[in-house]
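# Coordinate inspection notes
The residues making up each chain are set out below.
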Amino acid sequence: MKFAVVGSGTMGHGIAEVLAIYGHQVKLIDISWDILNRAKQRMEESLRKFYEKGTVKEDPSVILSRIEMSTSYDVAKDIDFAIEAVPEILDLKRKVFQSLDEIAPKEAILATNTSSIPISEIAEFTSRKDKVIGMHFFNPPQIMKLVEVIPSKYTSEDTANKTVELARSLGKVPVKLRIEVPGFIGNRIFLRLMQEACREVESGEASIEEVDSCARNKIGLPMGIFELSDYVGLDIDVDLWENIVKRGTSDVPCKLFKEKVARKELGVKSGKGFYEYPGNKYLKVKLPATSKVDPARLLSLAVNEAAWLVENNIVKPSEVDDVMKYGYNFPKGLLEIADELGIDNILRNLEDIYNKGYSAYKPQDLLVKMVKEGKVGKKSGEGFYKYA
Ligand code: CAA
């Protein structure tokens, strides 16, 4: 198939690389040759790593020869599928989608990798609303297996099916939402993790390092919550936070993240966020081996969010778990972990924090019902899953 990837930054260059690894022809479009050349260098470095490990058999130069770079949309005139990965600015998305709609063949699907802008709003920039869809990769796209597929109210079933199939053919695990919700699945849950991490620190319950040590050493996550926030980029975190809350999700008061952004401490990409990254390169953060933070407390708001998604039939428990395993490299699904920690423990923490005046922690009916019925997880034989 022939693809256009618009935007060659952190996500765009990785998506183009994945497509080329799987044998596709890619037109990588961006606004300047400086940016495109930097993308080429990053793709080269990444492909070299894969080649040396043997996970990619073809020589990097052969794979790269399938990627044509351009500063003009004209190269998109014979594509089958486009994926947009430009900054999260509505006017920029408008420009990209209007240009693609004008130049790409009428039957081409136009996907967006947005993590915070409603897909229906983007679809409305085009004359092919049924062929516009969300295809949300996770950072780094070369490694993370998850792709969230988000049909808008206009997207046809054929477009959604083709997008799911494409993700599968790229070795990814697609999770399709039944209906679009702000932040989709992964970022809604990631937001809740950031909010509880921030609340614990700002209320003096724990330090940043203790929160992150709990996440990494007790729960087994690949990164602490603040560490991951630095990795994603604090400007992106604040952006997705504001975009989700603006669209009707309850907020948790927190200043830490916004203050960092105001100081231009954006995480890995600026060399400093909650931690320091010499040379603007990610380096695993050093954390204390032990922590007083309770995993059931740290995960409580995220599990409550997952319960909301399940209760509202947006996705099934196993799909929430796929999102966290394949999009965030959780060692187990969030709801599998919740079953192990005990739904009663999760509920107790939610009630405790809610009673301190944080309205976002109001326990979901599903969790209250599960505890009432004695479905408290592994120890009772049933929680989100059944145990023999
Ligand atoms: N290309 C090729 N290989 C890469 C690579 C890339 N771009 N990035 C990392 N690697 C390789 C490294 O070379 C290394 O290989 P070896 O093990 O063979 O040495 C391996 O991946 C692990 O990398 P590191 O040693 O640098 O560090 P690590 O062990 O901490 O792993 C990580 C890095 C895979 C990113 C891991 O920390 C992780 O899974 N973190 C969680 C990432 C996550 O949650 N992403 C989702 C963010 S949210 C999002 O993206 C959505 C949104 O809309 C904001």
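The rules behind the values
Residues numbered from 1 in each chain as written. Predicted model: local features only at pLDDT ≥ 70, side-chain atom pairs only at ≥ 80, totals over all residues. Heavy atoms only, no water. Helix = DSSP H or I, 4+ residues; strand = E, 2+ residues; numbered from the N terminus. Rg over C-alpha atoms; globule rule 2.2 N^0.38 Å. Buried < 20%, exposed > 50% of the residue type's maximum accessible area, 1.4 Å probe, protein only. Areas by Shrake-Rupley, 256 points an atom, 1.4 Å probe, with all protein chains shown as cover. Lys, Arg positive; Asp, Glu negative; His and termini not counted. Charge placed at Lys NZ, Arg CZ, Asp CG, Glu CD. Axes fitted to C-alpha atoms, helices over the stretch in contact; angles between N-to-C directions. Parallel < 35°, antiparallel > 145°, perpendicular 65-115°, else oblique. Left-handed = near helix turned anticlockwise from the far one by under 90°. Contact = heavy atoms within 4.5 Å. Nonpolar A, V, L, I, M, F, W, Y, C, P; charged D, E, K, R; others polar. UniProt positions renumbered as here; feature names shortened; annotations may be inferred. Pairing = 2+ DSSP bridges. Near = heavy atom within 4 Å. Polar contact = N/O pair within 3.5 Å; in protein donor to acceptor, adjacent residues only side chain to side chain. Expected span 1.5 Å × (residues − 1). Disulfide = S-S within 2.5 Å. Salt bridge = Lys/Arg side-chain N within 4 Å of Asp/Glu carboxyl O.

In the nomenclature of an unreviewed UniProt entry, the protein chain is known as 3-hydroxybutyryl-CoA dehydrogenase of Acidianus hospitalis.

### Here we look at the overall build of the protein chain
Counting its secondary structure elements, the protein chain contains 17 helices and eight strands. By the compact-globule yardstick of 21 Å for 388 residues, the protein chain fits well, its C-alpha radius of gyration being 21 Å. Taken along its principal axes, the extent of the C-alpha atoms in the protein chain is 60 × 45 × 40 Å. Put simply, the protein chain has 388 residues, and 56% of those count as buried. Surface accessibility of the protein chain: about 16,500 Å² in total, with carbon and sulfur atoms responsible for 51%. Positive and negative side-chain charges in the protein chain, numbering 56 and 58 respectively, have mean positions lying 1 Å apart.

### Quick notes on the packing of helix α1 (residues 10-21) against helix α2 (residues 33-53)
Contact pair α1 / α2: the axes reach a minimum separation of 10 Å and the direction vectors enclose 50 degrees. Compared by their axis directions, α1 and α2 come out oblique. Handedness of the α1/α2 crossing: right-handed. Residues T10, H13, A16, E17 and I21 of α1 form the contact with α2, whose own contacting residues are A39, R42, M43, S46, L47 and F50. Looking at side-chain class alone, the contact of α1 with α2 contains six nonpolar, three polar and two charged residues.

### Looking at the environment of R263
Here R263 shows up in the loop between α11 (256-262) and α12 (295-298). Between the alpha carbons of R263 and S115 there is a distance of 24 Å; along the sequence they are 148 residues apart.

### Thoughts on the UniProt feature "domain: 3-hydroxyacyl-CoA dehydrogenase NAD binding" (unreviewed entry) in the protein chain
Per the UniProt record, "domain: 3-hydroxyacyl-CoA dehydrogenase NAD binding" (unreviewed entry) is found at residues 3-177. Structurally, residues 3-177 is divided into 40% helix and 21% strand, and its ends, taken at the C-alpha atoms, are 24 Å apart.

### Remarks on the pairing of strand β6 (residues 132-137)
Within β6, six of the six residues are buried, which leaves the element mostly enclosed by the surrounding structure. Both faces of β6 are covered, namely the face carrying V132, G134 and H136 and the face carrying I133, M135 and F137. Examined bridge by bridge, strand β5 (residues 109-112) and β6 share three bridges and lie parallel to one another. Bridged to A111 within β6 is I133. The sheet contact formed by β6 and strand β7 (residues 146-151) spans five bridges and is antiparallel.

### A few points about the site of the ligand
If you check the shell around the ligand, you find 23 residues, and the closest are S46, K53, H136, N139 and N329. Separating a nitrogen atom of the ligand from a side-chain N or O atom of S46 is a distance of 2.7 Å. Between an oxygen atom of the ligand and a side-chain N or O atom of K284, the distance comes to 3.4 Å. The element contributing the most residues to the shell around the ligand is α2, with four residues.

### Quick notes on the side chain of Q364
Considering the arrangement of structural elements, one finds Q364 in the loop between α16 (343-355) and α17 (365-372). With residues up to four places along the chain from it excluded, the contact list for Q364 reads N304, A307, W308 and E311.

### Considerations on α16
The end-to-end C-alpha distance of α16 is 18 Å, a good match for the 18 Å that 13 residues give at a rise of 1.5 Å each. For α16, the full list of buried residues reads I343, N345, I346, L347, N349, L350 and I353. Where α16 ends, the next residue or the one after it, G357, has phi of about 110 degrees, a positive value.

### Here's the deal with the UniProt feature "domain: 3-hydroxyacyl-CoA dehydrogenase C-terminal" (unreviewed entry) in the protein chain
Per the UniProt record, "domain: 3-hydroxyacyl-CoA dehydrogenase C-terminal" (unreviewed entry) is found at residues 183-277 and 297-387. With 60% helix and 0% strand, residues 183-277 has end C-alpha atoms that lie 28 Å from one another. Across residues 297-387 one finds 60% helix and 0% strand; the C-alpha atoms that close the span lie 23 Å apart.

### Side note on the sheet that holds strand β4 (residues 81-84)
As a general point, the strands of a sheet are linked pairwise by backbone hydrogen bonds and lie either parallel or antiparallel. Strand order in this open sheet of eight strands is β3-β2-β1-β4-β5-β6-β7-β8, and the pairing throughout is mixed. Every other strand in the sheet has two partners, leaving β3 (67-70) and β8 (173-176) as the edge strands with one partner each. Averaged over all neighbouring strand pairs, the angle between strand axes comes to 25 degrees, with direction disregarded. As paired strands, strand β2 (residues 25-29) and β3 are joined by four bridges and run parallel to one another. In the sheet register, I29 faces β3, and the bridge partner there is S70. In this fold helix α14 (residues 317-328) packs onto β7 and β8, with an angle of close to 135 degrees to the strand it touches most, β7.

### Focus on the side chain of S152
Topologically, S152 is positioned in the loop between β7 and α6 (157-169). Overall, S152 belongs to the buried group, its relative accessible area being 7%. Among the polar contacts made by the side chain of S152, one reaches the main-chain amide nitrogen of Y154 at a distance of 3.0 Å.

### Brief notes about the state of the cysteines
Under the counting rule described, the total for this entry stands at one disulfide. The structure places no disulfide on C214, whose sulfur is separated from the nearest cysteine sulfur, that of C198, by 16 Å. Since its relative accessible area comes to 0%, C214 is described here as buried.

### Notes on the pattern of salt bridges
As a working rule, side chains carrying opposite charge can pair if their charged atoms are close by. This structure, assessed with the given rule, holds 30 salt bridges. The partner of E58 in a salt bridge is R66, and the shortest N-O contact between them spans 2.5 Å. A residue is classified by how much of its surface remains accessible, and R66, at 13% relative accessible area, is buried. Across the salt bridge formed by R94 and D91, the nearest N and O atoms sit 2.9 Å from each other. On the criterion of helical spacing, the pair formed by R94 and D91 is a turn pair, its members being three residues apart in helix α4 (residues 90-103). When its relative accessible area of 32% is taken as the criterion, R94 is described as partly exposed. Here the residues in one salt-bridge network are E196, R199, E205, R297, D352 and K356, joined through shared partners.

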